[in-house]
Amino acid sequence: MADLIYRVNMTNLSFKIEEVPARWLGLGGRGLTSTIVAEEVDPECHPLGPNNKMVFAPGLLSGTSASNSGRNSLGAKSPLTGGIKESNVGGTSAGIFSKLGVKALIIEGLPKDENTFYQLHVTKNNVEFIPVPELVGKDNYAVLDAMMAKYDKKVAVMSIGRIGEMRMNLANVSVKDPGGKLRSHGRGGLGAVMGSKKIKCITVDAADYKEVTIADPDKFKEASKIFTKALQENPISGQGLPAFGTNVLVNILNEAGGLPTHNFRQGNWEHAEEICGETMAENIKARGGKTTHGCHAGCVIQCSQVYNDKEGKFLTSGFEYETIWALGAHLGIQDLDLIAKMDGLMDDLGVDSIETSVALGLAVDAGILAYGDGAKAYEILSHDIPTGTPLGRIFGAGTHILGKAYGLVRVPTVKGQGIPAYEPRAVKGQGITYATTPMGADHTAGYAVATNILNSGGHVDPLKKEGQVELARNLQIASAAVDSTGMCIFVAFAALDDAKCLPALIDMINARFGCALTIDDVMNLGKTILKTEHEFNIKAGFGKADDRLPEFMKYEILPPHNVTWDFTGEEIDEFWNF
Amino acid sequence: MHVVVKLFAQYREGRFKVEERNYAIGTTAQMVIDLLELERVSPLGVLMVNSRHVEPSYCLQEGDVIALFPKVGGG
């Protein structure tokens, strides 16, 4: 049976199920969410008002047995950036949406009653609207426990905590993972959009959990084997990531002079060893945690982990480099256990651990806390933000607004979103991605670190301008395409280095749908997605001046390489010439 | 000549994190890699000297800091 569009209207608590329009048939994941948002959302609308929509869409290969295909996309106009946003996540939602035959779930309107929060329960041909007053004021794990008590363990749960209820720009949408922990549609404040629509949680139940239909199962199986082998044999996806997680990057960025330290004042940190991936792996092994853990079923990379405290008690999972960097080098906390405790708390509260941690680092410049003051940072996170004190509300608005509230100049944001984990002056290709991606500073949009620093897909000198615009453009196009397949972005390491990987991925898509796409078709899809997103932002009021990095990076010299951000506006604008 | 050697990720296992070592003049980065038998563990990913990417044929100088990583990534 063909996949369908489930459309929910929160204004009158109704739903309808629609055929998929022909123009959306070949789209999934980010390609579909961005297309629907661009077609149906007024770019000038208020992100928290009645005319914004939330669009959930599993990737083209989600729900199949393809390795690492379990990413779900969420699109909307972002309250943080004011532009279009797609944020994708592992967890269990993509697979279950696909198995239920939901190509996209579109949520529109706002309830008239401002005092009631709802649970949406999505099943075959039905959406229930269940008032959940007992969950108001609760955070994610309490919501997850309540849903687990109510349903089969296989049900997908997407929820917001108190931060989302308060419609803060930090709010994410949290998703249950296969181990019963949380993953996040992290960036862009999409949890605030969910809060504005008075949705506390969405549960998705595919009663019989059937695999999705495959047009040519034999061809699919053959391509799938080649693809999985490419992931497992690649030293990055097959060895490095499972052994040390993404946090293996602390030492390499530190060594390369690209680890932003003390709010982007220098490119390396003398305490990197305290928080690095190697130290993290040692702690995990000594304390009975897990160095390997998949964020979704079918993951063969297993870069996630379970991190325990010294007593062997769970502190966090999905402990990622960007969060550890922001609380570590950026804010100055040297205690990896405290960073883990904060990461776990951010999961429960339902906040973007990058935006929140970048804001905490900037707060040192604001005089709110001292560099390295973990106790004060924890107090802000555990008290001010979730209870919505005036200070907590300023943090809740994100890094950019915190900077404005305190009259700061050195504010590391692009399009209002905090810059993560890679110094643009010392990793210039990544700087081009931050400047140009329609998402606001987003490291996953076009991960030039791969080629600038990691020698994956060749090498482009990170300190020189030559080749960076083209690199960032090619990677953003490829990332937009990969984000449409439902694949984890880390398949890109194998795709960049192994000639068999990308053709196998395309063969799987062709076998799934009975089509005959080529690599060029898939790259053209990536280009179309990027241009669609860019066009939305232009209609929302963005111009060339928004494709720029913070001005201080042009005149402040970054040690140890003593570099500045030296691209002209015209050079950056070349990005869009395709 | 004195050179600081830094090892990372899998290369540390059974070896060291950082050591100052003595090498003969004319020693290349590749010779350091071979002497430590690093590529028995995992292929070389990134080689930096004094925080800059260099080729394995790089000829080490007195006081250099050489950093050796297997193929790693994240993001």
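- Taking an unreviewed UniProt entry as the reference, chain B is identified by name as MoaD/ThiS family protein belonging to Sulfurospirillum diekertiae.

- As annotated in an unreviewed UniProt entry, chain A carries the name Aldehyde ferredoxin oxidoreductase and comes from Sulfurospirillum diekertiae.
- Checking UniProt for chain A, the heading Sequence similarities (unreviewed entry) contains the comment "Belongs to the AOR/FOR family."

**A closer look at the environment of Leu 408 of chain A**
Residue and element names in this part refer to chain A.
1) Next: Tracing the backbone shows Leu 408 in the loop between helix H16 (399-405) and strand S16 (413-414).
2) Next: The class for Leu 408 is partly exposed, based on a relative accessible area of 23%.
3) Next: C-alpha separation for the pair Leu 408 and Lys 112, spaced 296 residues apart in sequence, amounts to 39 Å.
4) Next: What Leu 408 contacts, discounting residues up to four positions off in sequence, is Leu 362, Asp 365, Ala 366 and Gly 403.

**Brief notes about the side chain of Gln 417 of chain A**
All names here are of chain A.
1) Next: Mapped onto the fold, Gln 417 is located in strand S17 (residues 417-418).
2) Next: Residue class for Gln 417 comes out buried when judged on its relative accessible area of 0%.
3) Next: A polar side-chain atom of Gln 417 sits 2.9 Å from a polar atom in the side chain of Lys 85.

**Quick word on the side chain of Thr 356 of chain A**
All names here are of chain A.
1) Next: Mapping Thr 356 onto the fold places it in helix H13 (residues 353-365).
2) Next: By relative accessible area, which is 0% here, Thr 356 ends up buried.
3) Next: Among residues more than four places away in sequence, those in contact with Thr 356 are Leu 170, Met 346, Val 351, Leu 381 and Ile 385.

**Quick notes on the domain arrangement of chain A**
All names here are of chain A.
1) Next: Here chain A is described as being made up of domain 1 (2-203) and domain 2 (257-420).
2) Next: For domain 1 and domain 2, the distance between their C-alpha centres works out to 25 Å.
3) Next: Taken together, the contact between domain 1 and domain 2 spans 32 residues of the former and 39 residues of the latter.
4) Next: Together, the buried faces of domain 1 and domain 2 total about 2800 Å²; carbon and sulfur atoms form 50% of this surface.
5) Next: Of all residues in domain 1, the largest losses of buried area upon contact with domain 2 belong to Asn 68, Leu 170 and Arg 187, amounting jointly to 26% of the total for that side.
6) Next: At the junction of domain 1 and domain 2, the tally comes to 3 salt bridges.
7) Next: The salt bridge involving Arg 187 is made with Asp 352; its shortest N-O contact spans 3.1 Å.
8) Next: Along the contact surface separating domain 1 from domain 2 lie 20 residue pairs in polar contact (both at pLDDT 80 or more).
9) Next: Of all elements in the fold, only helix H3 (140-150), helix H4 (162-165) and strand S11 (182-185) reach the threshold of two or more residues within the side of domain 1 that touches domain 2.
10) Next: Looking at the side of domain 1 that touches domain 2, the element that brings in the most residues is S11, giving 3 residues.
11) Next: Looking at the side of domain 1 that touches domain 2 residue by residue, the classes come out as 9 nonpolar, 15 polar and 8 charged.

**Topic: helix H2 (residues 93-100) of chain A**
Residue and element names in this part refer to chain A.
1) Next: Counting buried positions along H2 gives 7 out of 8 residues, so the element sits mostly inside the fold.
2) Next: Burial in H2 covers these residues: Ser 93, Ala 94, Gly 95, Ile 96, Phe 97, Ser 98 and Leu 100.
3) Next: Taken from the residues just after H2, Gly 101 is the one with a positive phi, measuring 85 degrees.

**So, the packing of aromatic side chains**
The geometry of an aromatic ring pair is captured by two quantities: the separation of the ring centres and the angle between the planes.
Residues and elements named next belong to chain A.
1) Next: If you walk through the whole model with that rule in mind, you get 12 aromatic pairs over all chains.
2) Next: Note on Phe 56 and Phe 97: the rings are 6.3 Å apart at their centroids and 35 degrees apart in plane angle, and the pair reads as tilted. Placement of the pair is Phe 56 in strand S3 (residues 54-58) and Phe 97 in helix H2, with a sequence separation of 41 residues. For the residue pair Phe 56 and Phe 97, the accessibility class agrees, reading buried in each case.
3) Next: Measuring from ring centre to ring centre gives 6.2 Å for Phe 575 and Phe 578, while their planes differ by 90 degrees; the resulting arrangement is edge-to-face.
4) Next: A relative accessible area of 0% means that Phe 575 is categorised as buried.

**Points about the sheet that holds strand S15 (residues 314-317) of chain A**
Within a sheet, adjacent strands bond to each other through the backbone by hydrogen bonds, running parallel or antiparallel.
Residues and elements named next belong to chain A.
1) Next: Pairing in this open sheet of 3 strands is antiparallel, and the strands run S13-S14-S15 from one edge to the other. Each edge of the open sheet carries a strand with a single partner, namely strand S13 (290-293) and S15. Averaged over all adjacent pairs, the angle separating strand axes in this sheet is 25 degrees, with direction ignored.
2) Next: Judged from the 3 bridges that link them, strand S14 (residues 304-308) and S15 form a sheet pairing that is antiparallel.

About the thresholds
Residues numbered from 1 in each chain as written. Chains lettered and ligands numbered in written order. Predicted model: local features only at pLDDT ≥ 70, side-chain atom pairs only at ≥ 80, totals over all residues. Heavy atoms only, no water. UniProt positions renumbered as here; feature names shortened; annotations may be inferred. Helix = DSSP H or I, 4+ residues; strand = E, 2+ residues; numbered from the N terminus. Buried < 20%, exposed > 50% of the residue type's maximum accessible area, 1.4 Å probe, protein only. Contact = heavy atoms within 4.5 Å. Polar contact = N/O pair within 3.5 Å; in protein donor to acceptor, adjacent residues only side chain to side chain. Domains from an automatic or database assignment. Buried area = accessible area lost by both parts, 1.4 Å probe. Salt bridge = Lys/Arg side-chain N within 4 Å of Asp/Glu carboxyl O. Nonpolar A, V, L, I, M, F, W, Y, C, P; charged D, E, K, R; others polar. Phe/Tyr/Trp six-rings, centres within 6.5 Å; stacked < 30°, edge-to-face > 60°. Pairing = 2+ DSSP bridges. Axes fitted to C-alpha atoms, helices over the stretch in contact; angles between N-to-C directions.

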